[in-house]
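Okay, here's what each chain looks like letter by letter:
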Amino acid sequence: MKSENQCPVCGKVQLDKVFDVLDFRGSNESFSLLRCNECSFVLTSPRPLDNELGKYYPKSTYVSHNEKPTGVFDRIYFQVQKANLKDKLKKILRHSKTGALLDYGCGSGSFLGFMQQNGWKVEGVELSKEAAEIARKRTDSAIWSPDEFEIQPNKYDVISLWHVLEHLPDFERVVEKLKASLKPGGVLLIAVPNHKSYDAHYFGKNWAAWDVPIHLWHFNREVMMQLAKNWNMNFEETLPMPFDAFYVSMLSAQNKKKKLWFLKGALRGLISNVKAKSNKEASSLIYILKKVV
Ligand SMILES: [Zn+2]
């Protein structure tokens, strides 16, 4: 385990404890959330070492890597994914009409397959060998492991990371590689949970998107603006992920062991989405960063 004494975003050393959170995925270990006094970045502490991280990913519940979902909850999520894919495409079309797409952390390639059907040239990066193999069969495209992936200079119009950045121990090094692989004017799309959302405040320690310790970092708008500056990229806009509000709220209600968690979670998800329409602090945010031309 690694304990933090320095903020990776701004380098300052004053980190204050927010609270302790349980690993609800099964280890039952407790982890602290630390907030940087200077830039408000929140990080999980201690962080498992790279070689310890794997054991915290319970395979059977990690839905994005599952081709055939099992539990009721997974099955609903799988159905919602279809609608979610259309929503993702719509949001990408705001910035790029078509072209070459790299999905970093592509899982079994459902997003890549969907984009391919819509005329995009697709490639992916995936850590899980089994998921990568499914993605390869599905798209007949290059799917690299993170270690194999090398800079593809100025190749992509869009590079997406759907709920990936918060999992990466070396996220800044990865973004540097990805930025170099974007065409000038290309967009980096980073989707991450937003702990400034209504559902994060409502559920507190039980908020499912803290997801310690596999979520190592917890981003917000101010932090992402700072990072965009550090990376010399233009901060274009943020977009909400309305499906995530429901998913995360239902899981959170389950963590809280609420009766009728399904309904109570759905209600909180709905409230979160309504509030996000005015305050723009959705449960999960998509950050659109553009490579300077
Ligand atoms: Zn900081």
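Notes on the structure follow. Since the model is a prediction, treat every value here as computed from it, not as a measurement. (Residues numbered from 1 in each chain as written. Predicted model: local features only at pLDDT ≥ 70, side-chain atom pairs only at ≥ 80, totals over all residues. Heavy atoms only, no water.)

A word on the overall build of the protein chain. In terms of regular secondary structure, the protein chain is built from 9 helices and 11 strands. Here the C-alpha radius of gyration of the protein chain, 18 Å, is about what a compact globule of 293 residues would show, namely 19 Å. Overall, the C-alpha framework of the protein chain stretches about 45 × 45 × 40 Å when taken along its three principal axes. Burial analysis of the protein chain (293 residues in total) assigns 52% to the buried set. The long-range fraction of contacts in the protein chain, counting pairs at least 24 apart against all pairs at least 6 apart in sequence, stands at 71%. About 13,700 Å² of surface is accessible on the protein chain, with carbon and sulfur atoms providing 54% of the total. One way to put it: in the protein chain the 42 positive side-chain charges average out to a point 7 Å from where the 32 negative ones average out. (Helix = DSSP H or I, 4+ residues; strand = E, 2+ residues; numbered from the N terminus. Rg over C-alpha atoms; globule rule 2.2 N^0.38 Å. Buried < 20%, exposed > 50% of the residue type's maximum accessible area, 1.4 Å probe, protein only. Contact = heavy atoms within 4.5 Å. Areas by Shrake-Rupley, 256 points an atom, 1.4 Å probe, with all protein chains shown as cover. Lys, Arg positive; Asp, Glu negative; His and termini not counted. Charge placed at Lys NZ, Arg CZ, Asp CG, Glu CD.)

Within the open sheet, the 7 strands sit side by side as S6-S5-S4-S7-S8-S11-S10. Their pairing is mixed. Strand pairing shows two members of the sheet lacking a second neighbour, strand S6 (143–144) and strand S10 (233–240), which therefore form its edges. The sheet strands contacting helix H5 (residues 171–181) are strand S4 (100–104), strand S7 (156–162), strand S8 (182–193), S10 and strand S11 (284–291), and the helix crosses S8 at an angle near 145°. (Pairing = 2+ DSSP bridges. Axes fitted to C-alpha atoms, helices over the stretch in contact; angles between N-to-C directions.)

Quick look at the sheet that holds strand S1 (residues 15–22) now. Pairing is antiparallel in the open sheet, where 4 strands are placed in the order S1-S2-S3-S9. Taken across any chain shown, the strands that pair with only one partner, and hence form the sheet edges, are S1 and strand S9 (217–218). Sheet analysis places strand S2 (residues 30–36) next to strand S3 (residues 42–45), joined by 4 bridges and oriented antiparallel. Bridged to Leu34 within S3 is Leu43.

Before going further, it helps to spend a moment on unusual backbone geometry. With omega at -5°, the peptide bond leading from Ser45 into Pro46 counts as cis. Structurally, the position occupied by Pro46 is in the loop between S3 and helix H1 (50–53). At the junction of Val212 and Pro213, the peptide bond is cis and its omega measures out at -5° in the coordinates. Following the sequence through the fold, Pro213 ends up in the loop between helix H6 (198–203) and S9. With a phi angle near 65°, Asn28 is a residue other than glycine that sits in the positive phi range. With respect to the helices and strands, the residue Asn28 is situated in the loop between S1 and S2. Classification of Asn28 as exposed rests on a relative accessible area of 58%.

On the protein side, the zinc ion has Cys7 (SG), Cys10 (SG), Cys36 (SG) and Cys39 (SG) as donor atoms, found 2.3 Å from it. In the primary sequence, the donor residues of the zinc ion line up as C-x2-C-x25-C-x2-C. Of this pair, Cys10 sits in the segment before S1 while Cys39 sits in the loop between S2 and S3, placing them 29 residues apart in sequence. We classify Cys10 as partly exposed; its relative accessible area is 28%. (Donors = N, O, S within 2.8 Å, 3.2 Å for Na, K, Ca; no water.)

Because each turn of an α-helix spans 3.6 residues, side chains separated by three or four positions in sequence point in the same direction. For helix H3 (residues 110–117), every residue scored as buried is listed here: Phe111, Leu112, Gly113, Phe114 and Met115. At its buried positions, H3 is contacted by helix H2 (72–92), S4, strand S5 (121–125), helix H4 (129–139), S6 and S7. Looking one or two residues beyond H3, the residue adopting positive phi is Gly119, at roughly 95°.

Counting residues in each nonpolar core, the largest one holds 43 residues, and the members touching the most others are Phe41, Leu165, Leu188, Ile190 and Phe219. Where this core is concerned, the elements lending two or more residues are S2, S4, S7, H5, S8, helix H7 (221–230) and S11. Core analysis: the second largest hydrophobic core is formed by 23 residues, Ile92, Leu112, Trp162 and Ile286 among them. (Core = buried A, V, L, I, M, F, W, Y, C linked by side-chain atoms within 4.5 Å.)

Once that is clear, we can look at the side chain of Asp199. If you trace the backbone, Asp199 turns up in helix H6. The side chain of Asp199 sits in the buried core without any salt bridge; Arg268 is the nearest counter-charge, 10 Å away. Of note is the side chain of Asp199, whose polar atom sits 3.2 Å from the side chain of Ser197. What Asp199 contacts, discounting residues up to four positions off in sequence, is Trp207, Val248, Ser249, Ser272 and Ser283. (Salt bridge = Lys/Arg side-chain N within 4 Å of Asp/Glu carboxyl O. Polar contact = N/O pair within 3.5 Å; in protein donor to acceptor, adjacent residues only side chain to side chain.)

With that out of the way, let us pick up the environment of Ala245. Examined against the element boundaries, Ala245 turns out to sit in helix H8 (residues 242–255). Along the sequence, Ala245 and Ile271 sit 26 residues apart, while their C-alpha atoms lie 8.9 Å from each other. When residues no more than four places from it in sequence are discounted, the contact partners of Ala245 are Gly269, Ser272, Asn273 and Ser283.

Looking along a regular strand, one sees side chains alternate from face to face of the sheet. The element S7 is extensively covered by neighbouring structure, given that 7 of its 7 residues are classed as buried. In this structure, S4 lies alongside S7, joined through 3 bridges in parallel fashion. Paired with Leu101 across the bridge in S7 is Val158. In this structure, S7 lies alongside S8, joined through 6 bridges in parallel fashion. Bridge pairing in S8 links Val158 to Val187. In terms of handedness, the path from S7 via H5 over to S8 forms a crossover that is right-handed. (Right-handed = clockwise from strand over helix to strand, strands pointing away.)

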